[in-house]
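So you can see what is in the structure, the chains are spelled out below.
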Amino acid sequence: MEKPLQGQVAVVAGATRGAGRAIATMLGAAGATVYGTGRSVKGSPSDIGRKETIQETAELVIAQGGQGIAVQVDHTVPEQVEALFARVREEQGGRLDILVNDVWGGEKLTEWGTPFWEGSLDKALLMQQRAVHSHMITSYYAAPLLAARQRGLIIEVTDGFDYRYRGNLPYSLAKISVIHLAEAQAAELRPHGVAAVAVTPGFLRSEEMLDYFKVTEDNWRDAGVQEPHFLQSETPFFVAKGIAALAADPDLMSKSGKIFTSWGLSDEYGIVDVDGRTPHWGRYAAEQGFYD
């Protein structure tokens, strides 16, 4: 099996579940050593209250043939992030090739259908801290390692591929901010040979989404009765496989500063989801008039 990222070192910030877990796994499958970080460890879940842990993610990376290393980190705490990259520097001889900023933590903070002035200001600000500040903090400590080697990639995982409103002001601000964060990082890192991009999945069939619809990966189509759009969903591995292919692209610098979608990466690199499908949320959403 081809290992295009053999010998490379990656940090996936926010690797506990969902896209982050899948990205860590697919980078491992491509041969990378992957540090998967998050707050939830065995016996000590985060305030989100999910059962998944970063140790489980590391085990999935190892099962795919990579080297998985679980590190408990709260990416809103600069001291913890600084310690993470000090550890990477020491253990990997200063090498870092890939940073994936996938920290989110806003699941219980988004108040859909509530005007921002009637919602909780505390929740709105905490969302920015978790989903934007954490990315800035993580890149701050990762960038020196990448710049020192004059190569590498930062990936900002977001929701959506443009600056349009996403149905809730704090949510929109968080997701759009990291798109610009990728663009701005690309501009400042380009002279140092480091690329930065934003990547979005389509309708993500995450563990939490499966639980929301009370289905499993085996019978997920049953949720189409309740939500027909869910039939166009994709597993977290769809965007993850695309990201692994993007990271291995020899022409990576030409893509720096751009926004990529899971379906676009599928078109470009021939990505097929782990369930054998090739979902194309962009085409479906356009047909449904979501982007009018």
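Right, let's walk through the structure included here.

Calculation notes
- Residues numbered from 1 in each chain as written.
- Predicted model: local features only at pLDDT ≥ 70, side-chain atom pairs only at ≥ 80, totals over all residues.
- Heavy atoms only, no water.
- Helix = DSSP H or I, 4+ residues; strand = E, 2+ residues; numbered from the N terminus.
- Polar contact = N/O pair within 3.5 Å; in protein donor to acceptor, adjacent residues only side chain to side chain.
- Contact = heavy atoms within 4.5 Å.
- Pairing = 2+ DSSP bridges.
- Axes fitted to C-alpha atoms, helices over the stretch in contact; angles between N-to-C directions.
- Phe/Tyr/Trp six-rings, centres within 6.5 Å; stacked < 30°, edge-to-face > 60°.
- Buried < 20%, exposed > 50% of the residue type's maximum accessible area, 1.4 Å probe, protein only.
- Lys NZ or Arg CZ within 6 Å of the ring centre and 35° of its normal.
- Core = buried A, V, L, I, M, F, W, Y, C linked by side-chain atoms within 4.5 Å.

Looking at the side chain of Thr 200
With respect to the secondary-structure elements, Thr 200 resides in strand S6 (residues 195–200). A distance of 2.9 Å separates a polar atom in the side chain of Thr 200 from the backbone nitrogen of Gly 160. Discounting residues that sit within four places of it in the chain, Thr 200 has contacts with Thr 158, Asp 159, Gly 160, Phe 161, Val 239, Phe 260, Thr 261 and Ser 262.

Some thoughts on the sheet that holds strand S7 (residues 259–261)
Reading across the sheet, the seven strands line up as S3-S2-S1-S4-S5-S6-S7 and stay open at both edges, with parallel pairing between neighbours. In the strand order of this sheet, the two ends are held by strand S3 (67–72) and S7, each with one partner. When the angles between neighbouring strand axes are averaged without regard to direction, this sheet yields 20°. Judged from the six bridges that link them, strand S2 (residues 33–38) and S3 form a sheet pairing that is parallel. Counted as the bridge partner of Gly 36 is Ala 70 from S3. Helix H2 (residues 54–63) contacts S2 and S3 of the sheet and is inclined by roughly 170° relative to S3.

Focus: the side chain of Thr 16
Here Thr 16 shows up in the loop between strand S1 (9–13) and helix H1 (18–29). Beyond its immediate chain neighbours, meaning those up to four positions away, Thr 16 contacts Arg 21, Thr 37, Gly 38, Arg 39, Ser 40, Glu 52, Thr 53, Ile 54 and Thr 57.

So, unusual backbone geometry
The backbone phi angle of Gln 150 is positive, close to 60°, even though this residue is not glycine. Mapping Gln 150 onto the fold places it in the loop between helix H4 (121–149) and strand S5 (153–157). Look at Lys 214: it is not a glycine, yet its phi comes out positive at around 60°. Looking at where Lys 214 falls in the secondary structure, it is placed in the loop between helix H6 (207–212) and helix H7 (236–247).

Quick word on the packing of aromatic side chains
Tallied over the full model, the rule gives 14 aromatic pairs. Relative to Phe 213, the ring of Tyr 212 lies with its centre 5.0 Å away and its plane at 80°, an arrangement referred to as edge-to-face. Residue classification places Phe 213 among the buried positions, given a relative accessible area of 9%. Ring centres of Trp 281 and Tyr 284 lie 5.4 Å apart, and the angle between their planes is 45°; this geometry places the pair in the tilted category. Placement of both Trp 281 and Tyr 284 in helix H9 (residues 281–287) is noted, with a separation of three residues, approximately one turn of the helix. Stacked on the ring of Trp 104, the Lys or Arg Lys 175 has its end atom at 3.8 Å from the ring centre.

Side note on the nonpolar core
Of all hydrophobic cores here, the largest spans 33 residues; its most connected members are Val 12, Ile 23, Leu 27, Val 34, Val 100, Ile 155 and Val 199. Contributing elements (two or more residues each) for this core: S1, H1, strand S4 (98–101), S5, S6 and H7. By residue number, the principal contributor to this core is H1, which donates seven residues. Excluding anything up to four places from it in sequence, Val 34 contacts Ala 10, Val 12, Ala 24, Leu 27, Gly 28, Val 61, Gln 67, Gly 68 and Ile 69. Counting residues in each nonpolar core, the second largest holds 23 residues, with Val 9, Val 81, Leu 84 and Ala 186 among its members.

By themselves, these are just geometric observations and shouldn't be taken as functional.
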